[in-house]
Amino acid sequence: MTTKVNKCIVHFFHKDFRRCAIIDSHLKILAEKYFETKFAKIDVETAKFFVQKLKIQVLPALLCFIGGIVIDRIIGFEEFGNTDSFPTEMLERRLGKTGVITVKDLEDPGKKTIFGFKQTQGEDDSDDDDD
């Protein structure tokens, strides 16, 4: 499957793990938004060969493929503050950084002003009036 599509995210899960269900709910939301990426999930109980071959030891595990090659792994919840209540946008931005999904508003947070707005080119903030 990962060799037949260009971009693919595979969720290795266990049906009895609560955190796997949490990741799955976030991925369902993202799958409806990013049609260019294939989203799949594999039960670790029925795919033991893949689990061993890909050296998956901690769940949940997300493997990101581009062109059939693993380009990134997201293991557990550490990157999300180790909390169960992280927003879907946090996972979306993380996946966007790998290039497996194309997030439209993924920008450098350093380019925003202190008020959170992006300054446009040619915009002048000076209060100087030449009247």
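All values derive from a computational prediction rather than experimental measurement.

Here's the deal with the side chain of Asp72
The residue Asp72 is located in strand β4 (residues 69–75) in this model. For Asp72, a relative accessible area of 17% gives the class buried. Here Arg94 takes part through its side chain, which lies 2.5 Å from a polar atom of the side chain of Asp72. Those residues in contact with Asp72 that lie beyond four places of it in its chain are Leu62, Leu63, Cys64, Arg94 and Thr98.

Here's the deal with the sheet that holds β4
Overall, mixed pairing links the 4 strands, which are arranged β2-β1-β3-β4 in an open sheet. Whereas interior strands pair on both sides, the edge strands pair on one side only; in this sheet they are β2 (37–43) and β4. Adjacent strand axes in the sheet meet at a mean angle of 20°, parallel and antiparallel pairs treated alike. In this structure, strand β1 (residues 7–13) lies alongside β2, joined through 7 bridges in parallel fashion. What sits directly across from Ile9, in β2, is Phe39.

Digging into helix α3 (residues 88–98)
Every buried residue belonging to α3 is among Thr88, Leu91, Glu92, Arg94, Leu95, Gly96 and Thr98, and all of these are buried. Buried positions along α3 lie against β1, α1 (18–31), β3 (61–66) and β4. Just beyond α3, the residue with positive phi is Gly99, at close to 90°.

Reading the values: the criteria
- Residues numbered from 1 in each chain as written.
- Predicted model: local features only at pLDDT ≥ 70, side-chain atom pairs only at ≥ 80, totals over all residues.
- Heavy atoms only, no water.
- Helix = DSSP H or I, 4+ residues; strand = E, 2+ residues; numbered from the N terminus.
- Buried < 20%, exposed > 50% of the residue type's maximum accessible area, 1.4 Å probe, protein only.
- Polar contact = N/O pair within 3.5 Å; in protein donor to acceptor, adjacent residues only side chain to side chain.
- Contact = heavy atoms within 4.5 Å.
- Pairing = 2+ DSSP bridges.
- Axes fitted to C-alpha atoms, helices over the stretch in contact; angles between N-to-C directions.

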